[in-house]
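Each chain is listed here by its residues.
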Amino acid sequence: MHISRIRIQNFRNFRDLDVALGEDAVIVGENKIGKSNLLHALRLILDPSLPDSGRQLREEDFWDELPRPLGKDDVITMSVEFADFEGDEKHLAVLGEFLVTAEPMVARLTYVFGAFEAEEDPVTESDYEFFIYGGDKEDLRISSEFRRRLPFDLLPALRDAEGDLSNWRKSPLRPLLDDVSSKIDRTALDAIAEQISEATEGVTDTPEIKALAGEITTRLTDMVGGAHALEMTLGFSPTEADRLLRSLRLFIDGGKRGVADASLGSANLLYLTLKALELEQLVKKGKRDHTFLAIEEPEAHLHPHLQRLVYRDFLRRRDHQAGADKKEPPRPATSIFMTTHSPHIVSVSPLKSLVLLRKSSDASTEAVSAVGLELEDAERGDLERYLDVTRGEMLFAKGVLLVEGEAETYIVPALAKLLGYELDQLGLTVCSVGGTNFTPYVKLLGHAGLNIPFAVLTDFDPKETGKNLGEDRVLGLLPHLVSTKSTKGKTRIELLALAKATGLFLNDYTLEVDLFRCGRHKSICKTITELTEVQISKQRAEGWVNDPSTLEGKRFLADIEEIGKGRFAQRLAGNMAGNRCPAYIKEAIEYVIGQIG
Amino acid sequence: MSSAKSVDLRQPFRIAAEELRENEEQWQAYESKGHCVVLAGPGSGKTKTLTTKLARMLAEDAAPPRGIACITFNSECAGELKRRLERLGVRESHYIFIGTIHAFCLKHVVLPYARLAGLDISDQVAVALPSEQEGIFEETFPEVYGSNTPPSGWRTAFDKYRRTHLDRGASAWLGDDADMAKLIEAYESRLRKRGLVDFDDMVLIGLRLIESHGWIRRCLHARFPILAVDEYQDLGLPLHRIVLALCFSAGVRLFAVGDPDQSIYGFAGAKPELLTDLSNLKGIEKVQLRFNYRTGQTIIDASEVALGETRGYKASTDRIGTIDFYKCPEGIAEQAERICTSIIPKALKRRDKRELGDVAVLYLDRNDGDVIEAAVRKSGMKFIRMDKGGPYAKTPLTRWIEDCAAWCAGGWKKNSPRLSSVIRTWEGFNASLRTESALYDLKLGLVRFLFSHRLPQSLASAWLTDMQSQLLKAAFKKETVLRDETVAFSGLLRACSAEGKLKDLTLAALGGQAGARDQLNLITLHSAKGLEFDVVIMMGMEQGRIPSWAAKTLESKREPRRLFYVGITRSRHEVHFTFSGFNLSPRGYRFDNGPSEFLIEVAKRLKQGN
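Computed from a predicted structure; not experimentally measured. (Residues numbered from 1 in each chain as written. Chains lettered and ligands numbered in written order. Predicted model: local features only at pLDDT ≥ 70, side-chain atom pairs only at ≥ 80, totals over all residues.)

**With respect to the overall build of chain A**
What counts here: Every helix listed is a DSSP run of H or I at least four residues long, and every strand listed is a run of E at least two residues long, numbered separately from the N terminus. For this measure, only C-alpha atoms enter the radius of gyration; the expected value for a globule follows 2.2 Å times N^0.38, where N is the number of residues. The burial criterion counts other C-beta atoms lying within 10 Å of a residue's C-beta, which is placed from the backbone; the residue is buried at 20 or more, exposed at 12 or fewer, and partly exposed between these limits. C-beta atoms are first placed from the backbone for all residues, and any pair lying within 7 Å is then listed as a contact.
When you go through chain A residue by residue, the secondary structure sums to 24 helices and 17 strands. Over its C-alpha atoms chain A spans a radius of gyration of 32 Å, topping by over 25% the 25 Å that the globule rule assigns to 597 residues. For the C-alpha atoms alone, the extent of chain A along its principal axes is close to 105 × 70 × 55 Å. The proportion of buried residues among the 597 residues of chain A is 37%. Considering only contacts in chain A between residues 6 or more positions apart, those separated by 24 or more positions represent 73%.

Following this line, the structure appears as structure tokens:
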């Protein structure tokens, strides 16, 4: 079972957020975009530990931009849909009456908050109330009694791991120890308790300690009188067998320090480990069918390498398990919801668990995910590896310029700057796909995927036969971006025009040649002269700069290859001045800026 | 009984189960693991076995969030099962459904799934009032049968056809009686045009949904892995088909209880063979209870003679049982008078502490009911009448009102009925309320009403009027599902009014808490099913009435035999038959056919026995 869709209307940052989800959700977005609010919405519907008083929202919880004063028709609505629960009879028993789709089964629970009983405007805060219903009819109300049967448990964020670890009642160690204690032989335990008791007496019977204890008792009695005096003893731990295990404490650094002295990072790590163990155990013992674990900003205080290690394990372990036995992949018993702005965590997250939160044009927050994306396994793998290596940079961008290689990643930002565009400020990222296979990236960024504005910049790559590779490449990408209806019956020329209008930009030859021809022959030839160690190349460069029309494309490119295209571009970027720019680059930049709006 | 020690006292049903242990077959049913059909003759401890087993299955086999659905014959039976389950520690909850097949289909099939399955049924299912059903029937009838045939009298056949011809696509639908089929289709489409469904619709639509959608069966199986059915023999073909669909293709476990010999609703579409066939299906554990804990052996033997079958039931008590015959040649009025002036007074004296509540007069129809009621009134005995001519209809709402009355009349001191269960039912009636505050106000309103109306000796009419203005008016206005209950409530109110039959009824009596023991029971044979009395008096036992003049073949006499059998077996100690030797047709013609042939058979058997 997993949550397959979340929809939130009129709540805090959200005017109308609607997003499809996979088994886990790694919710990414900048500060104040509403990550915690999204988690809170889930808690309002699902968390059995949230009291009804906590489910009662306030007027300020309505979407910020909703015109005030609010009317009685203003309602906060949040719903979650569940899929993939048919195989579990308990889940089906709980959710079966709340279906919104029969085949395959999808069930929905909805929380609404409004002034339902108010007769007329204006409404006052006391008019507001909430209720939760199942399915698509409001009269299938879900009582708190029934809600407890929902197999969900949203665990609070890792806010105060250190505090929780040192507080026995809250410690995630407690359930683990309790479980173990039932398996320990009683007589052995009694014997140990006896030994501890003896050892303790050995210490406390020393005259100095005895004297101290007496002193404390006397002082106590002086302060509060005999009637209130506590019976005080000194010792290491309670000496009853029952309490013995509960007084076990966690130590770090080989027993030298208690958890209270641990760094925040280590405490978080410990906490997470213990929680994971506890949840696994609950599921194993059949006490709980499914748990939704919500972790807010799990990166807090963790070193980047540790972040990658820990969450790669957390999020991908299931994939490994599934791989071990292809026949029957184990059902994940825990679904994880994380909110983060750590690129280190995002970059190790499976693609289908990514949820991006961002501002939409009306200042509300919208969400996108790649769940509905149709990708081949190999494509998905490629993309995940790419995001891993690039630290997920693309996912944090407002707009993306997809380019073929390293050279463009130097040249395009430099040209943009010369044109007066500061890409970083605009949130625009240049991403190299390392070749010409743009397809998976286009799918990921397109409307069916993350819906991030982007342009493709690719080379025309003319062939000696008079044909070229670039046009076919662009026309191959077009179907991923536009409907079949809009391409039907169009000529090649018309289709190429459509491709350009859709953000697929072709040059006339290749990057370097186009740069040369747009009037940057001087800085280019200068760069060749600076970098090349081949004398004849230098001579050729001098010839070309004197008469640009003599440029031999193939020769020119071979000379640059000799230097290394990346190395060349790196230096060229610094040598350029003025605002001359190949049209396709300028158009692409302006296209994406226009799309961002 | 070595295991008695280990009985878990926190689970009251385990104590009750110890009583089943002594009876091999009851114990077998209690221990059953798969599909189980219990054939339970009169007085065989059927309800005890059923409730104990239900409690066990709820605890062991259908833990929340799953549960059990238990289908009963009517709301009255559902109420009785709930009361008895509560004594076994089982409280009403979301996870247990006990009610009629109509209520089950409406609540758990039609409301949640009809729209998703693409049926064109409005969100707010509105149940047609009896008057609306009648009106539409009468409007539709001439379209098929012409205006020369009066529609009255056709309704029973109409209902039966509708309940027994379930496959509208099959050739038998039009083949058996094309006119009737057309009438049904026209009637239903008129009903639908007005956005209404009737009671049969709920079941027929429910059945259609269950049979045609695997996902609905899967959902029902997840929710109710166990389906229990009480009085299987009277529930008819639609229920039977639902059982087959759920239990034999969707994995639901069946626990059914019934007695083919007590099937008396053939006119309404019931068939005893359905239960017999079911019990013989492969994969079903059939348990036949043998002991009769109620009736003296003499009466048991006589009942089997009347039934025309040898069942070999054994009396487990040392009751002997007596059977007497009274010829009253002047007719039915003389029978009634003799019952009141002689039979009942003598019977009361025969045993210590016997009261009017231990005596029942059983009759064939409401005309006889009117006759005996008049005689009883004349004699000054207190009585309660239960039949269609009874003071008010027993519906979920009137049943709940009785519970409220019982609570106000002193039940609050014993927490019986439980306040929580009274509140829960009230919440169920008010299904359209959504918000906590509205629900809170609803509960508060009810509790306020109940607490301020704890006056056992006050008249029911004043109490009901208050209830109407404080609680029901608002609910009737809001809840379309309660449409038909408005009629039931006005019936109750009318009966308790100054002009009504129950004008002197106290709150305590309405709640059945006090006074039941001193009220003579007047009941039709059909309504007597499931009840038991020390003394049973059956009146109007004339040939031509039981069996009716129309029943001439062995086959057609089977159902009247079963009805007669049901009557006799209500008795613990005494059966008294009255007859006149003739009967009158509706138009007043006299037919001298002598006493019922069943009476003669019984008398013959008694003579042989002596």
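**Focus: the overall build of chain B**
When helices and strands are counted, chain B shows 24 helices and 18 strands. In terms of its C-alpha atoms, chain B occupies a principal-axis envelope of roughly 70 × 65 × 60 Å. Buried residues in chain B amount to 47% of all 610 residues. Across chain B, contacts joining residues at least 24 apart in sequence account for 77% of those joining residues at least 6 apart.

**Re the nonpolar core**
What counts is decided by this rule: Nonpolar cores are identified as sets of buried Ala, Val, Leu, Ile, Met, Phe, Trp, Tyr and Cys residues joined via C-beta atoms within 7 Å.
A:Val355, A:Leu401, B:Ile68 and B:Leu227 are the most contacted members of the largest nonpolar core, which has 306 residues in total. Non-local contacts of A:Leu401, meaning those with residues more than four positions away in its chain, are made with A:Val412, A:Leu428, A:Val430, A:Phe454, A:Ala455, A:Leu457, A:Ala588, A:Ile589 and A:Val592. B:Phe141, B:Met180, B:Ile184 and B:Tyr187 belong to the second largest nonpolar core, which has 7 residues in total.

**A look at the packing of helix 18 (residues 419-429) of chain B against helix 19 (residues 436-452) of chain B**
All names here are of chain B. Filter applied, for reference: Orientation is described by axes fitted as lines to C-alpha atoms, over the contacting stretch for helices, and by angles from 0 to 180 degrees between their N-to-C directions. Angular relationships are summarised with four words: roughly parallel below 35 degrees, roughly antiparallel beyond 145, roughly perpendicular across 65 to 115, and oblique for the angles in between. Each crossing is labelled by how the near helix is turned from the far one, with a counterclockwise turn of less than a right angle marking it left-handed and a clockwise turn marking it right-handed. Charged residues are taken to be Asp, Glu, Lys and Arg, nonpolar residues to be Ala, Val, Leu, Ile, Met, Phe, Trp, Tyr, Cys and Pro, and polar residues to be all remaining types, Gly included.
Where helix 18 meets helix 19, the closest approach of the two axes is 10 Å, and the angle between their N-to-C directions is 130°. Classified by the angle between their axes, helix 18 and helix 19 sit oblique to one another. Remark: the crossing between helix 18 and helix 19 carries right-handed chirality. On helix 19, the residues that touch Ile423, Trp426 and Glu427 of helix 18 are Leu439, Leu442, Lys443 and Leu446. Along the lines of polarity and charge, the residues of the contact of helix 18 with helix 19 split into 5 nonpolar, no polar and 2 charged.

**Let's talk about the confidence of the model for chain B**
Residue and element names in this part refer to chain B. Threshold: You can read pLDDT as the predictor saying how much it trusts each residue, on a scale of 0 to 100.
Per-residue confidence for chain B averages 90 on the pLDDT scale, and 96% of its residues sit at or above 70. Considering only residues more than four positions removed or in separate chains, one finds that residues 1-5, a stretch of pLDDT under 50, has 1 contact. In the model output, the complex is listed with pTM 0.83 alongside ipTM 0.81.

**Thoughts on the pairing of strand 4 (residues 76-83) of chain A**
Residues and elements named next belong to chain A. Rules: At least two bridges found by DSSP between two strands is the condition for calling them paired.
With 6 of 8 residues buried, strand 4 lies mostly within the body of the structure. Alignment of strand 1 (residues 2-11) against strand 4, held across 7 bridges, turns out to be antiparallel. Bridging across to strand 4, Gln9 finds its partner in Thr77.

**What to know about unusual backbone geometry**
Residues and elements named next belong to chain B. The peptide bond linking Pro64 to Pro65 adopts the cis configuration, its omega dihedral lying at 10°. Positionally, Pro65 belongs in the loop between helix 3 (46-60) and strand 2 (68-72). Of note, the bond from Ser416 into Pro417 is cis; its omega dihedral lies within 30 degrees of zero at 0°. With respect to the helices, strands and loops of the structure, Pro417 is situated in the loop between helix 17 (396-414) and helix 18.

**Side note on the interface of chain B and chain A**
At the junction of the two partners, chain B supplies 20 residues and chain A supplies 24 residues. Breaking the side of chain B that touches chain A down by element, the ones donating at least two residues are helix 11 (214-223) and helix 19 of chain B. Ranked by residue count, the leading element in the side of chain B that touches chain A is helix 11 of chain B, at 5 residues. Here the side of chain B that touches chain A is composed, by residue class, of 10 nonpolar, 4 polar and 6 charged.

**Focus on the sheet that holds strand 10 (residues 291-296) of chain A**
Residue and element names in this part refer to chain A. Across the sheet, 5 strands lie side by side as 10-11-3-12-13; this open sheet has mixed pairing. Edge positions in the sheet fall to strand 10 and strand 13 (365-369), since each of these pairs with one other strand and no more. Averaged over all pairs of adjacent strands, the angle between strand axes in this sheet comes to 20°, irrespective of strand direction. Strand direction decides the pairing type here: strand 10 and strand 11 (residues 334-340), joined by 6 bridges, are parallel. Bridge pairing in strand 11 links Phe292 to Ser335.

**A look at helix 10 (residues 199-212) of chain B**
All names here are of chain B. This is how it is decided: Expected span of a helix, by definition, is 1.5 Å for each gap between consecutive residues, and there is one gap fewer than residues.
Between its first and last C-alpha, helix 10 extends 20 Å over 14 residues, near the 20 Å set by a 1.5 Å rise per residue. Counting buried positions over the 14 residues of helix 10 gives 10, a clear majority of the element. Elements in contact with the buried residues of helix 10: helix 5 (101-113), helix 9 (178-193), strand 5 (196-197), helix 11 and helix 12 (236-249).

**Concerning the packing of helix 5 of chain B against helix 10 of chain B**
Working note: a packed helix pair is described by the angle between its axes plus the distance between those axes. All names here are of chain B. The contact between helix 5 and helix 10 brings their axes to 8 Å, and the two run at 55°. It follows from the interaxial angle that helix 5 and helix 10 lie oblique. Pair helix 5 / helix 10 crosses with left-handed handedness. Touching Ile101, His102, Cys105, Leu106, Val109, Val110 and Tyr113 of helix 5 are Phe199, Met202, Val203, Ile205, Gly206, Leu209 and Ile210, all from helix 10.

**Digging into the sheet that holds strand 8 (residues 285-288) of chain B**
Hydrogen bonds along the backbone pair up the strands of a sheet, which may run parallel or antiparallel. Residues and elements named next belong to chain B. A sheet is described by the order of its strands in space; here 6 strands give the open sequence 3-2-6-7-1-8, paired in parallel fashion. Every interior strand has two partners, whereas the edge strands, strand 3 (96-100) and strand 8, have only one. Ignoring which end each strand starts from, the neighbouring axes of this sheet average 15° apart. Relative to strand 8, strand 1 (residues 36-39) runs parallel, the two being bridged by 4 bridges. Paired with Val38 across the two strands is Val287, which belongs to strand 8. Sheet contacts for helix 4 (residues 75-87): strand 2 and strand 3; angle to strand 3, the most-contacted strand, approximately 150°. Its contacts with the sheet put helix 12 on strand 2, strand 6 (226-229) and strand 7 (253-258), and the angle it makes with strand 6 is roughly 155°.

**So, the environment of A:Ala499**
All names here are of chain A. Within the secondary structure layout, Ala499 lies in helix 19 (residues 492-501). Owing to 23 C-beta atoms within 10 Å, Ala499 belongs among the buried residues under this scheme. C-alpha separation for the pair Ala499 and Glu393, spaced 106 residues apart in sequence, amounts to 26 Å. When near neighbours in sequence (up to four residues on either side) are disregarded, Ala499 contacts Val474, Leu475, Leu478 and Leu504.

**Topic: the environment of A:Leu351**
All names here are of chain A. Locating Leu351 in the fold gives a position in the loop between helix 12 (343-346) and strand 12 (354-359). A sequence separation of 245 residues divides Leu351 from Ile596, and the C-alpha atoms of the two residues are 23 Å apart. The contact partners of Leu351, leaving out residues within four places of it in the chain, are Ala370, Arg380, Leu383 and Glu384.

**Things to note about the confidence of the model for chain A**
Here chain A averages 85 in pLDDT, and 92% of its residues register 70 or above. Here residues 318-329 of chain A is a poorly scored stretch, pLDDT under 50, and it has 4 contacts once near neighbours within four places are set aside; other chains count.

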